[in-house]
Amino acid sequence: MKLDSVTLYHLKMPLAAPFATSFGSISTRECILLEAKAEGFTGWGECVADRAPGYACETTGTAWHILRDFLVPPLLGPEIADADDLQRRMAHVKGHRMAKAGLELAFWDLRGKMEGRSLRDLLGGSRDRVPVGVSVGIQPTTGDLLRTVEDYLAQGYGRIKIKIKPGRDVNDTEAVRRAFPDLPLQVDANSAYTLETADALLPLDDLDLLLIEQPLAEDDLWDHRALQTRFGTPLCLDESILGPRHARQAIEMGACRIINIKAGRVGGISRGVAIHDLCRERDVPVWCGGMLETGVGRAANLALASLPGFALPGDISATDRYYPRDITHERFTLNPDSTITVPDAPGLGVTVDRAAVERFTLAKIRL
Ligand code: SMG
Ligand code: MG
């Protein structure tokens, strides 16, 4: 296909509730929405970089700069054969994976619409509903945490992840485990510990957790390896896995036993699928992470999570858990069995609410 234009929208959207992690709290989420036009079709993508570089080094500002000045201009005009070709054409830019992933997503949506096939179908997904859970941010008090978890369980979520940080780790997790003895439960530290301070987490090993996510720094595969030897509970890497090579090396060295896949973090859905495939060959379970996506990114996450190796519930929740008003006409809802249905219309299978986009747009540029 040949791209005619790409329009970037810098969005800022109010969240239904503040979301607090070990690196900070947000009550609005920013992202870049991409609208790509090719041969009379329109494809949408979402770049998940947020306003601040708390989760990862990219921000909406860096992604805007890299898309506008480096990634998009050389892609307007030439024939792009497929996602691998697109990746080769973006390889002159080092890093900036979230920016690349946003573009790749718009490409997939276009391709699906042109071929009349859903993204799930294009990726080879095998399920029409995917098991999901909810990621609960750090709450003001442990009592608030218990009430919040109880509320999500009442809504039908069958798996809970809680965010932890030093000082709000073992006590919070023990309290949730005591209140809900059989709950599938996992924790996420977003790299708030070092190999030394992570010893504080050892009591978590007795709480029958599904996994402990990203306790140490992003660039610290080796110390994750050392830490994994101290835990019976599987460590899961999120921030550390930036592509298929990191995934392979982490598995080979024993730095984790489970991998969280986010298309944005790894540079695109095609690279997420590659990680899925190599983990599957090695019997390493994967699951789909979330970045508080809009309906556009959520549709993509559902398609990705429909692949057979996604063995654990994803951080993909219903729309009302995130946004009072979303930018897609479709709102995702939770099925009674703690699944969400994967869209099956061509491409991402969602339609963009242009009035909502306009309302949340801080800046717009057509390339
Ligand atoms: O999309 O439901 C969601 C959020 C899931 O916890 C979540 N994501 O480290 O896994 C993670 C965090 C990163 C986002 S922090 C804004
Ligand atoms: Mg995480």
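Computed from a prediction, not measured in an experiment: that's the story for all the values here. (Residues numbered from 1 in each chain as written. Chains lettered and ligands numbered in written order. Predicted model: local features only at pLDDT ≥ 70, side-chain atom pairs only at ≥ 80, totals over all residues. Heavy atoms only, no water.)

Caption draft 1: Seen up close, the nonpolar core. In terms of nonpolar packing, the biggest core is built from 90 residues, with Ile162, Ile259 and Ile269 touching the most fellow members. Membership of the second largest hydrophobic core comes to 31 residues, among which are Met1, Ile32, Tyr55 and Val93. (Core = buried A, V, L, I, M, F, W, Y, C linked by side-chain atoms within 4.5 Å. Buried < 20%, exposed > 50% of the residue type's maximum accessible area, 1.4 Å probe, protein only.)

Caption draft 2: How the structure looks around helix α10 (residues 269–281). For α10, built from 13 residues, the straight-helix expectation of 18 Å at 1.5 Å per residue is met to within 8% by its first-to-last C-alpha distance of 18 Å. Two residues or fewer past α10, Asp283 is found with a positive phi of approximately 60 degrees. (Helix = DSSP H or I, 4+ residues; strand = E, 2+ residues; numbered from the N terminus. Expected span 1.5 Å × (residues − 1).)

Caption draft 3: Representation of the coordination of the magnesium ion (ligand 2) within the structure. Coordination sphere of the magnesium ion (ligand 2), protein contribution only: Asp188 (OD), Glu213 (OE) and Asp238 (OD), at 2.1 to 2.3 Å. Written as a sequence motif, the donor residues of the magnesium ion (ligand 2) are D-x24-E-x24-D. One end of the pair, Asp188, is in strand β7 (residues 185–188); the other, Asp238, is in the loop between β9 (235–237) and α8 (244–253), with 50 residues separating them in the sequence. The pair Asp188 / Asp238 is uniform in exposure class, with both members buried. (Donors = N, O, S within 2.8 Å, 3.2 Å for Na, K, Ca; no water.)

Caption draft 4: Inspection of helix α6 (residues 170–179) at higher detail. Of the residues making up α6, those classed as buried are Val170, Asp172, Thr173, Ala175, Val176 and Arg177. Elements that come into contact with the buried residues of α6 comprise α5 (142–155), β6 (160–163) and β7. (Contact = heavy atoms within 4.5 Å.)

Caption draft 5: The site of ligand 1, seen in detail. In the neighbourhood of ligand 1, 17 residues make up the surrounding shell, with Ser135, Asn190, Gly290, Leu292 and Tyr322 lying closest. Contacts to ligand 1 include Glu213, whose side-chain N or O atom sits 3.4 Å from an oxygen atom. Here an oxygen atom of ligand 1 and a backbone polar atom of Met291 are 3.3 Å apart. Protein contacts shield 97% of the accessible area of ligand 1, which totals 440 Å² for the unbound molecule. For the shell around ligand 1, the per-class residue count stands at 6 nonpolar, 3 polar and 8 charged. (Near = heavy atom within 4 Å. Polar contact = N/O pair within 3.5 Å; in protein donor to acceptor, adjacent residues only side chain to side chain. Areas by Shrake-Rupley, 256 points an atom, 1.4 Å probe, with all protein chains shown as cover. Nonpolar A, V, L, I, M, F, W, Y, C, P; charged D, E, K, R; others polar.)

Caption draft 6: Broad picture of the pattern of salt bridges. Overall, the coordinates contain 23 salt bridges when judged by the stated rule. Here Asp109 and Lys113 are joined by a salt bridge, their closest N and O atoms 2.9 Å apart. A residue pair is termed a helical-turn pair when its members lie 3 or 4 positions apart in one helix, as Asp109 and Lys113 do in helix α3 (residues 97–115) at 4 residues. A salt bridge links Asp238 to Arg265, with the nearest nitrogen and oxygen atoms 2.6 Å apart. Linking Asp238 in the loop between β9 and α8 with Arg265 in helix α9 (residues 263–266), this pair joins segments that are 27 residues apart in sequence. (Salt bridge = Lys/Arg side-chain N within 4 Å of Asp/Glu carboxyl O.)

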